[in-house]
Amino acid sequence: MRFLYAPAAILALAGFAIVALPPVAAAQISDVPQQRIDGLSTDYREAGEFLSGNMPVNAPVVTFSPEVPFFVMRRQVTRGEYGACVSAGACRALDTAGEPDLPATGISFEDANTYAAWLSRRTGEVWRLPSDREWRLFAGTRAVDDAFQEGSPDNPAERWLSRYDEEARRREPEEARAQPVGTFGENEHGLLDLSGNVWEWTSTCYARSRIDPATGQIARHDNCGVRIAEGAHRAYLTSFIRDPKSGACSVGRPPTNLGMRLVREEKGFLSGVRSFFGL
Amino acid sequence: MITRRNALLGAASAATAALMVSGPARAAGSATSGLAAASPAGDLPRIKGELVTPPHVMAHDQVAKGGPRIVEFKMVVEEKKVVVDDQGTEFQAMTYNGSMPGPTMVVHEGDYLELTLVNPETNTMPHNIDFHASTGALGGGALTLINPGEQTVLRFKAFRPGVFIYHCAPTGMVPWHVVSGMSGTVMVLPRDGLKDGEGKPLHYDRVYTIGEFDLYIPKDADGNYMTYDSPGESYSDTLDVMRGLIPTHVVFNGKVGALTGESAMPAKVGETVLFIHSCANRDSRPHLIGGHGDWVWETGKFANAPQKDQETWFVRGGSAAAAIYTFRQPGIYAYVNHNLIEAAELGATGHVKVEGDWNDDLMTQVSAPGPIVG
């Protein structure tokens, strides 16, 4: 993985090729239609918090092009599909009832991993959550850059206020209830409902990186109790949270709903472990 | 002199008129109608109060100019369906002037507050108003009960300075009307303005009025909130939830997020802000995260000396409190009910957006979060 530090403003996506495969028989893998992601490359703004000295700064942008192709579900996992895992005794029941065709919501990171493990056992394939990089790669134009206006070192409140205003202005789905598959349309890679009102868990951990202003050296500290959920904005959430809330001292806007979309590794590639860590 | 207002009151039902005979508005010698022919307020100058939607408060003088006046207000009761949270939960609200809380009416000590209350034909319920600032007739409730298609006018003398609740109180349905949204605040300012305990004047640059509401919205068997087509249809299910005394929502100004994001309350460093906090039904404990109450009238009554340097104050259900704070540091302040479960899980959070220069002397980040050393 090369780290190319690019200007923050533009996150251009260079797509080369994408091959849509017909749905594969249920007996083999999942019924879920999938897209093969191959030969794509994206400018990726690193996740987590970056400090230059004591001062919060924007995360650097790197180029991400996965070494091996993978498959991604065209749509989010539905309540019905998740329910099959519950019926099998492997997954924890959801907190609320709803139509089986709707996207499964009220899903924690733990729930999502349990489901992926069960689906992998049932299908003999390797299903897992995408890393944040993979998500931003296939989300394409649906991924939202979270660069912020860096404030002055003399007044931390400038940054808080500009970020607050930006969040307040942000156009996010007003409808909170999960919507039928396809409601939020298709992106340029044929994937449905990205950045609609259901955020999708990724496997990427929250990290705080301190850049030494003198040497440029980065010291990184990970907290894998907090994972990234992607959607209309990049969200950092404790892994057992099913229903995110704001309020009291938390001034940010939380994701509307939490759900998942899994990726499947192509057989024959020994990429599983590496991809799991988002590298 | 029989005014048009008095004539309208005279057309009220026999039962209401009977109550009015013993009411405070009765003037000596007018036994036939029970209505004041020569009110002591009659000759005072009249002005119209221009009400605005909370959290804003009508324009007013902090120190009265001239003598007592009759301040006329008009409020229209509006029954309507509102959305109370970011999950799209619908609620059958009953409101004064369409907002929760109703608008804040400001008068000065010794003024007369004269309200025209209208219950349009399109409503389904009888309504009235009980002013905690007033004296007699159940706070005016016994003189103001109006059916859809009726209006009434009530005048009372505001001789106790303070912030006071007003709320709807129709017989047999009082708590339901109150937790459906029908409350607001009257602020009766001392004629010479607010004072600290030693007679020194206190001024404010801005004022925000916050009404805290406990809502009790029924759920179906699947745990989803139920919706109803009219207040009446929601009544019995709502009453069941109310009797459990555990609200489904605790919100400022009618819904989760009514005072956050683009609706956050702006202020500037160096500005002094008066926060009025009303709780018509249930107790609260407001706290300004990152700030204080410089001067707090916890029970809301200005003839008492304000308390200094408060961290959290208590608002008794059925009262309003007033707190003054001068912002000294920029940033986002959360104004919460410091039962933080109610603030974070049930909705009782607002934000104040304060611009200005950072004061390093008051606070400095000596070292940003990093690896543990030494």
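Per chain, residues are indexed from 1 in the order of the written sequence. To read the labels, note that chains go from A and ligands from 1, taken in the order they are written. Totals for whole chains, interfaces and linings use all residues, but because this is a predicted model, local features are given only for residues with pLDDT of at least 70 and pairs of side-chain atoms are given and counted only at 80 or more. The basis for every side-chain value is the complete set of non-hydrogen atoms in the structure, without hydrogens or water.

1. Regarding helix α3 (residues 132–139) of chain A
Going by this rule: Note on exposure labels: buried denotes an accessible area under 20% of the residue type's maximum, exposed denotes more than 50%, and partly exposed covers the range between, all computed with a 1.4 Å probe on protein chains only. Numbering goes from the N terminus for both helices and strands, where a helix is a DSSP run of H or I of at least four residues and a strand is a run of E of at least two.
Within α3 of chain A, eight of the eight residues are buried, which leaves it mostly tucked inside the rest of the structure. Turning to α3 of chain A, its buried residues are D132, R133, E134, W135, R136, L137, F138 and A139 of chain A.

2. Some details on the pairing of strand β21 (residues 349–355) of chain B
All names here are of chain B. Rules: Between any two strands, at least two bridges found by DSSP are needed for them to pair.
Within β21, six of the seven residues are buried, which leaves it mostly tucked inside the rest of the structure. Note: strand β14 (residues 265–268) against β21, four bridges, orientation parallel. Along β21, the bridge assignment pairs P266 with K353. By the bridge criterion, six bridges tie strand β20 (residues 331–337) to β21 in an arrangement that is antiparallel. When the sheet's bridge partners are listed, I332 is paired in β21 with K353.

3. Digging into the interface of chain A and chain B
Let me state the cut-off plainly: Whether two residues are in contact is decided by their heavy atoms: any pair within 4.5 Å suffices. Put simply, buried area is the surface a 1.4 Å probe can reach on two separate parts but cannot reach once they are joined, added for both. When a carboxyl oxygen of Asp or Glu is within 4 Å of a side-chain nitrogen of Lys or Arg, the pair counts as a salt bridge. Pairing of N or O atoms within 3.5 Å defines a polar contact, subject to two protein rules: one partner must be a possible hydrogen donor and the other a possible acceptor, and residues neighboring in sequence count only if both atoms are side-chain atoms.
On the side of chain B, 34 residues touch chain A, which itself brings 26 residues to the contact. Both faces combined, the contact of chain A with chain B buries some 2300 Å², and carbon together with sulfur accounts for 57% of it. Counting the contacts that link chain A with chain B gives one salt bridge. Between D165 of chain A and K353 of chain B there is a salt bridge, and its shortest N-O distance comes to 2.7 Å. Taken together, the links from chain A to chain B amount to eight residue pairs in polar contact (both at pLDDT 80 or more). Of all the elements in the fold, those that place two or more residues in the side of chain A that touches chain B are α4 (156–169) and β10 (199–211) of chain A.

4. Concerning the confidence of the model for chain A
Residue and element names in this part refer to chain A. Cut-off, in case you're wondering: Looking at any residue, its pLDDT shows the predictor's confidence there, from 0 to 100.
In the predicted model, chain A carries a mean pLDDT of 84, and the fraction of residues at 70 or more is 82%. Ranking the elements of chain A by mean pLDDT puts strand β1 (residues 13–14) last with 36 and α3 first with 98. This stretch, residues 1–29, has a pLDDT under 50; its non-local contacts, to residues over four places away or in other chains, come to 63 contacts.

5. Some thoughts on the pattern of salt bridges
The tally for this structure, following the rule as stated, stands at 34 salt bridges over all chains. A salt bridge links D222 of chain A to R220 of chain A, with the shortest nitrogen-to-oxygen separation between them at 2.8 Å. Between R282 of chain B and E342 of chain B there is a salt bridge whose closest N-O contact spans 3.0 Å. On the criterion of sequence distance, the pair formed by R282 of chain B in the loop between β15 (272–279) and β16 (286–289) and E342 of chain B in helix α5 (residues 340–346) is long-range, its members being 60 residues apart. Among the residues examined, R282 of chain B registers a relative accessible area of 24% and is labelled partly exposed. The exposure class of E342 of chain B is buried, given its relative accessible area of 7%.

6. Focus: the sheet that holds strand β8 (residues 162–167) of chain B
All names here are of chain B. Spatially, four strands are ordered β4-β9-β8-β6 in an open sheet, and the strand pairing comes out mixed. Edge positions in the sheet fall to β4 (105–108) and β6 (130–131), since each of these pairs with one other strand and no more. Examined bridge by bridge, β8 and strand β9 (residues 183–189) share six bridges and lie antiparallel to one another. Bridge pairing in β9 places Y166 opposite G184.

7. A short note on a negative patch on the surface
The following threshold applies: Residues enter patches when they are more than 30% accessible in relative terms and free of salt bridges; like-charged ones are connected within 9 Å and nonpolar ones (Val, Leu, Ile, Met, Phe, Trp, Tyr) within 5 Å. For the area figures, the Shrake-Rupley method with a 1.4 Å probe applies, and any residue is considered shielded solely by the protein chains shown. His residues and chain termini do not enter the charge count, which takes Lys and Arg as positive and Asp and Glu as negative. A single reference atom marks each charge: NZ on Lys, CZ on Arg, CG on Asp, CD on Glu.
On the surface, D154 and E158 of chain A together with D357, D360 and D361 of chain B cluster together into a negatively charged patch. Within the secondary structure, D361 of chain B is located in the segment after β21. Look at D361 of chain B and you get exposed, because its relative accessible area is 72%.

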